[in-house]
Protein chains: 10
Amino acid sequence: MLFHVHMNVHIPVDMDPDALADTVARERAYSQELQRSGTWVHIWRIVGEYANFSIFDVASNDELHGILSNLPLFPYMDITVTPLATHPSDVTAG
Amino acid sequence: MLFHVHMNVHIPVDMDPDALADTVARERAYSQELQRSGTWVHIWRIVGEYANFSIFDVASNDELHGILSNLPLFPYMDITVTPLATHPSDVTAG
Amino acid sequence: MLFHVHMNVHIPVDMDPDALADTVARERAYSQELQRSGTWVHIWRIVGEYANFSIFDVASNDELHGILSNLPLFPYMDITVTPLATHPSDVTAG
Amino acid sequence: MLFHVHMNVHIPVDMDPDALADTVARERAYSQELQRSGTWVHIWRIVGEYANFSIFDVASNDELHGILSNLPLFPYMDITVTPLATHPSDVTAG
Amino acid sequence: MLFHVHMNVHIPVDMDPDALADTVARERAYSQELQRSGTWVHIWRIVGEYANFSIFDVASNDELHGILSNLPLFPYMDITVTPLATHPSDVTAG
Amino acid sequence: MLFHVHMNVHIPVDMDPDALADTVARERAYSQELQRSGTWVHIWRIVGEYANFSIFDVASNDELHGILSNLPLFPYMDITVTPLATHPSDVTAG
Amino acid sequence: MLFHVHMNVHIPVDMDPDALADTVARERAYSQELQRSGTWVHIWRIVGEYANFSIFDVASNDELHGILSNLPLFPYMDITVTPLATHPSDVTAG
Amino acid sequence: MLFHVHMNVHIPVDMDPDALADTVARERAYSQELQRSGTWVHIWRIVGEYANFSIFDVASNDELHGILSNLPLFPYMDITVTPLATHPSDVTAG
Amino acid sequence: MLFHVHMNVHIPVDMDPDALADTVARERAYSQELQRSGTWVHIWRIVGEYANFSIFDVASNDELHGILSNLPLFPYMDITVTPLATHPSDVTAG
Amino acid sequence: MLFHVHMNVHIPVDMDPDALADTVARERAYSQELQRSGTWVHIWRIVGEYANFSIFDVASNDELHGILSNLPLFPYMDITVTPLATHPSDVTAG
């Protein structure tokens, strides 16, 4: 089941650079593990912004909330989740 | 080069049903041809809305505008285009 | 799996009264059948508005979109869907 | 008498972790006591957000304001209250 | 129990003048009856707009919705209802 | 001459509790003096918010600005003022 | 007593040209009479829009609402009124 | 003196095709004459929208309003004008 | 050439009172000098807000930006500039 | 390929003046190098704001994101990117 997720990151301008680098590194590892397992299907950077559009494939709303609320950058993010359905014109749909 | 496109369709409630059915059928054929050629990479229905999120892979802004402005449903749509870049955490990026 | 749905109805002021009454009657029957089957878990009128907050319990995003897009009043509605997860303080959660 | 309440929590990123944990624990106890007494009828987490939709059953506006303004997390919340009425299609209505 | 109600009226510019005059006259009679019975406590015109702020004193949300949805101008109105509580500085509060 | 005033209070979460208590006490005394003199005609708490709707009866715009800008909580408030006129349906109007 | 008024005009694209010309001519005469009497102190066109910013000098809110609601273009306008006070830096203030 | 202008075109879906084609042709001729005279310095299509960003070089606000309000498509446009100044980093500034 | 300027001032609640008083005093002197020279034509306080509507008469966009960006309170302001043209109904226009 | 970029700068009022001056100097050098190479085609100051509208000519979305995210002032900016296409009325288009 697919969900569209818009993540918008707001880093305080006075955040400690080491703490920031560490958080970003953990975010990256966390994201890549979920990408490799097929849960985080797509991630695209929005040009000019510290933000991304992502697609997740999960079994339930609870699974998705568990994943998102454990993002290392979660306390610095505004997240908007949109549930997706199969489009009737989608050529890849069964 | 990828672009995120949000299409929101507003059909007048008194539109002639045959004209609507014809326009929707042409929209579908148009979309599927572009999907098969690899230009319209993804299309997802937004749950509960007559709207979709799509991803296009085009060579230029002009190519994308040509495609979108020729959509049979274009006169009934509000469209928002967001340019996408490679995300530094994307495991599929070269 | 639960979803919060906000339905906002916009009836054209010059809509034929018989057509409106018929559509509202079909909407009611459709809603009540889904309520009795346990899919449409709650429906509340928003005071002062032709609008409601509803809770749906469905197996998938596709099931929810199928239900909502077949509402007899769908062409007259603005709908916003919000996926829900179990709240950690919920005393009814397992 | 039912009310729909949207609670949106904004924790400062530099809040002392012990103070935060203590406040969250008191919030949970406070919420669960009201859930068990039948006043706080439903609480759902909004997926991807530190936010919830809740339903309260109270005797008056004053009772509801008393409850909400005493939430341990109240100073960190944006709250929107919407009064609910019985929906004419509700199969559970008398 | 008091509620603050914002009523914003949108009359189609091509509405039949007799139908409009009749609806406005019925709205006035309806409002004045509720004012005299003590339910519609205050009504003020917003300067420069076809809109008003009103205060209602009702026993329940259901009573308020019944009153508002039966306004003769209801199909032409956008209504926003805000529940009110006693202010701790109010010198008239018991 | 009546004015509708929406006051929305934003207290910094780290404000000194004694300073806050002192400011709130002065605000209360200031408000009650104006209520007793007939200038601050109504004050209602908005349920779930640190905010109020108030009605002022003043002789001029300058008098109203003088009152509002001297509120002890003024530096912490967002204020919106709406001028009110007599409503043609008001049964209490001369 | 001064008020700032923003008038935004929305003419239906299919309005009868003679009716429009007549309404605009009456609006102009009405405005100029009020300008000459010193009530409508300033009127400026907003560049690129069918809209204006105006300043009115009236004795009361009721007088201002009477003037605005009788504008020949009133049914086609969105109007926003902002009460003005003397600025402490104004060199022309007594 | 430069101005940034955002033009957003809203054509009624039931507009007569010949009238539309004629209006668009006159708009084009009007625009190109102003481009050739150096007044309409730039015009860019916004991808996916019936809208443009333009830059005008005019001697005064009045000249700009005269130009914009005489656009053949003016009755169908929402226009937003932003005055521009020389940027201190502009390498082309004297 | 006239411009409408909306200045909205946001003073940090913990700003040093002496620094604030000094900045406000310099702002006042700066404003009054421009008022006396005929550049800052009008300044009105918005009732209930730390904000003003002003009218400037300048020779160019660059002159206006130079004036506004040198306001002592500029770092604490949100400013919106709207270019004004002569209104066709203005009785004072040549 | 052209892009329209809106940059809005938010400098903390308590930022160290030397750090600010250094960042602004580096921003200027960075911008001017890109202007001279033909990538940053236009930059205009928005009158009354610490903001600019710019036009970039780049080969790809990735190139544009690389440029923008390396702006010395990037952590202090809100940036909105709009892709541009050739306008059919553009007299300079081939």
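Rules used throughout
Residues numbered from 1 in each chain as written. Chains lettered and ligands numbered in written order. Predicted model: local features only at pLDDT ≥ 70, side-chain atom pairs only at ≥ 80, totals over all residues. Heavy atoms only, no water. Helix = DSSP H or I, 4+ residues; strand = E, 2+ residues; numbered from the N terminus. Buried < 20%, exposed > 50% of the residue type's maximum accessible area, 1.4 Å probe, protein only. Contact = heavy atoms within 4.5 Å. Areas by Shrake-Rupley, 256 points an atom, 1.4 Å probe, with all protein chains shown as cover. Lys, Arg positive; Asp, Glu negative; His and termini not counted. Charge placed at Lys NZ, Arg CZ, Asp CG, Glu CD. Least-squares fit on C-alpha atoms with pLDDT ≥ 70 in both. Salt bridge = Lys/Arg side-chain N within 4 Å of Asp/Glu carboxyl O. Pairing = 2+ DSSP bridges. Axes fitted to C-alpha atoms, helices over the stretch in contact; angles between N-to-C directions. Buried area = accessible area lost by both parts, 1.4 Å probe. Polar contact = N/O pair within 3.5 Å; in protein donor to acceptor, adjacent residues only side chain to side chain. Nonpolar A, V, L, I, M, F, W, Y, C, P; charged D, E, K, R; others polar. Patch = residues over 30% accessible without salt bridge, like charges linked within 9 Å, V, L, I, M, F, W, Y side chains within 5 Å. Arc of directions from axis to C-beta. Core = buried A, V, L, I, M, F, W, Y, C linked by side-chain atoms within 4.5 Å. UniProt positions renumbered as here; feature names shortened; annotations may be inferred.

**A closer look at the overall build of chain A**
A count of helices and strands for chain A gives two helices and four strands. Helices and strands appear in chain A in the N-to-C order β-α-β-β-α-β. With the principal axes as the frame, chain A shows a C-alpha extent of 50 × 25 × 20 Å. Within chain A, buried positions represent 50% of all 94 residues. Pairs at least 24 residues apart make up 66% of the contacts formed inside chain A by residues separated by at least 6 positions. Of the accessible surface of chain A, which amounts to about 4,100 Å², a share of 51% is contributed by carbon and sulfur atoms. Charge-centre separation for chain A: the mean point of 4 positive side chains lies 9 Å from the mean point of 12 negative side chains.

**Let's talk about the relation of the copies chain B and chain A**
Relating one copy of the chain to the other takes a rotation about an axis and a shift parallel to that axis. For the pair chain B and chain A, the relating rotation is 180°, the translation along its axis is 0.0 Å, and the fit reaches an RMSD of 0.0 Å. In short, the pair behaves as if placed about a two-fold rotation axis. A high fraction, 100%, of the interface residues of chain B reappear at the interface in chain A, so the copies pair face to face through one surface.

**Section: the pattern of salt bridges**
Residue and element names in this part refer to chain B. Counted by the stated rule, this structure contains 10 salt bridges over all chains. With a shortest N-O distance of 3.2 Å, D22 and R26 are connected by a salt bridge. In this pair, D22 and R26 are both assigned in helix α1 (residues 17-36), four residues apart and thus about one turn of the helix distant. What makes D22 partly exposed here is its relative accessible area of 42%. For R26, a relative accessible area of 43% gives the class partly exposed.

**Side note on the sheet that holds strand β4 (residues 77-86) of chain C**
What the eight strands build is a closed barrel, ordered β1(C)-β3(C)-β2(C)-β4(D)-β1(D)-β3(D)-β2(D)-β4(C); its pairing is antiparallel. Strand-to-strand, the axes of this sheet are offset by a mean angle of 35°, without reference to chain direction. Sitting on the sheet, helix α1 (residues 17-36) of chain C touches β2 (40-46) and β4 of chain C, and the angle it makes with β2(C) is about 135°. Here helix α1 (residues 17-36) of chain D sits on the sheet in contact with β2 (40-46) and β4 (77-86) of chain D, set at roughly 135° to β2(D).

**Structural notes on the sheet that holds strand β4 (residues 77-86) of chain F**
Taken together, eight strands build a closed barrel; the order of strands is β1(E)-β3(E)-β2(E)-β4(F)-β1(F)-β3(F)-β2(F)-β4(E) and the barrel is antiparallel. Taken pair by pair, the neighbouring strands of this sheet meet at an average axis angle of 35°, ignoring direction. As paired elements, strand β1 (residues 2-9) of chain E and strand β4 (residues 77-86) of chain E share seven bridges and run antiparallel to each other. Note that in β4(E) the partner of N8(E) across the bridge is D78(E). Sitting on the sheet, helix α2 (residues 61-69) of chain D is in contact with β1 and β4 of chain E together with β2 (40-46) of chain F, with an inclination near 70° to β4(E). Its contacts with the sheet put helix α1 (residues 17-36) of chain E on β2 (40-46) and β4 of chain E, and the angle it makes with β2(E) is roughly 135°.

**Some details on the interface of chain G and chain E**
A common way to report how large an interface is uses the accessible area buried once the components associate. At the interface, 10 residues of chain G touch seven residues of chain E. Taken together, both faces of the contact between chain G and chain E bury some 650 Å²; the carbon and sulfur share is 70%. Considering only the surface of chain G that becomes buried against chain E, H65(G), F74(G) and I79(G) emerge as the three largest contributors, covering 54% of it. Here chain G and chain E share zero salt bridges between them. Connecting chain G to chain E are one residue pair in polar contact (both at pLDDT 80 or more). Elements represented by at least two residues in the side of chain G that touches chain E include exactly α2 (61-69) and β4 (77-86) of chain G. A per-element tally of the side of chain G that touches chain E places α2(G) first, with four residues.

**Let's talk about the pairing of strand β1 (residues 2-9) of chain H**
Where β1(H) and strand β3 (residues 51-57) of chain H come together, seven bridges link them in antiparallel fashion. Looking at the pairing, V5(H) lines up with S54(H) of β3(H).

**Some points on the arrangement of the chains**
At the level of C-alpha atoms, the two units chain A and chain E stay apart, their nearest approach being 25 Å. In this structure chain A stays clear of chain H, and the shortest span between their C-alpha atoms is 15 Å.

**With respect to the interface of chain B and chain A**
Listed by partner, the interface residues are 26 residues for chain B and 26 residues for chain A. Taken together, both faces of the contact between chain B and chain A bury some 2,500 Å²; the carbon and sulfur share is 65%. At the boundary of chain B with chain A, the tally comes to zero salt bridges. The tally of links from chain B across to chain A stands at 14 residue pairs in polar contact (both at pLDDT 80 or more). Mapped onto the side of chain B that touches chain A, the elements with two or more residues apiece are β1 (2-9), α1, β2 (40-46), β3 (51-57) and β4 (77-86) of chain B. Its residues placed into classes, the side of chain B that touches chain A shows 12 nonpolar, 10 polar and four charged.

**Here's the deal with the environment of A85(F)**
With respect to the helices and strands, the residue A85(F) is situated in strand β4. In this structure the C-alpha to C-alpha distance between A85(F) and L2(F), which are 83 residues apart in sequence, comes to 7.2 Å. Other than its neighbours up to four places away in sequence, A85(F) contacts W44(E), R45(E), V47(E), N61(G), D62(G) and H65(G).

**A look at the relation of the copies chain G and chain E**
When chain G is fitted onto chain E, the two copies agree to an RMSD of 0.0 Å after a turn of 72° and an axial shift of 0.0 Å. Accordingly, the operation relating the two chain copies is best matched by a five-fold axis. Across chain G, the rotation axis passes nearest the C-alpha of P12(G), at a separation of 9.0 Å.

**Considering a negative patch on the surface**
Together, D14(A), D14(D), D14(F), D14(I) and D14(J) line one region of the surface with negative charge. Relative to the elements of secondary structure, D14(J) occurs in the loop between β1 (2-9) and α1 (17-36).

**Things to note about helix α2 (residues 61-69) of chain C**
Among the residues making up α2(C), those that are buried are N61(C), L64(C), H65(C), I67(C) and L68(C). Here the buried residues of α2(C) occupy an arc of 160° about the axis, which is enough to place them on one side.

**Re the nonpolar core**
Ranked by size, the top nonpolar core spans 23 residues in total, and within it M7(C), F56(C), L64(C), L68(C), L71(C), I79(C) and V81(C) carry the most contacts. Of all elements in the fold, only β1 (2-9), β2, α2 and β4 of chain C reach the threshold of two or more residues within this core. The dominant element in this core, judged by the number of residues it contributes, is β1(C), at four residues. Those residues in contact with L64(C) that sit more than four places away from it in its chain are V47(B), F3(C), F56(C), V58(C) and V81(C).

**What to know about the UniProt feature "domain: Muconolactone isomerase" (unreviewed entry) in chain A**
In this structure's numbering, the residues bearing the UniProt feature "domain: Muconolactone isomerase" (unreviewed entry) are residues 1-90 of chain A. Across residues 1-90 of chain A, the secondary structure splits into 32% helix and 36% strand, with the terminal C-alpha atoms separated by 15 Å.

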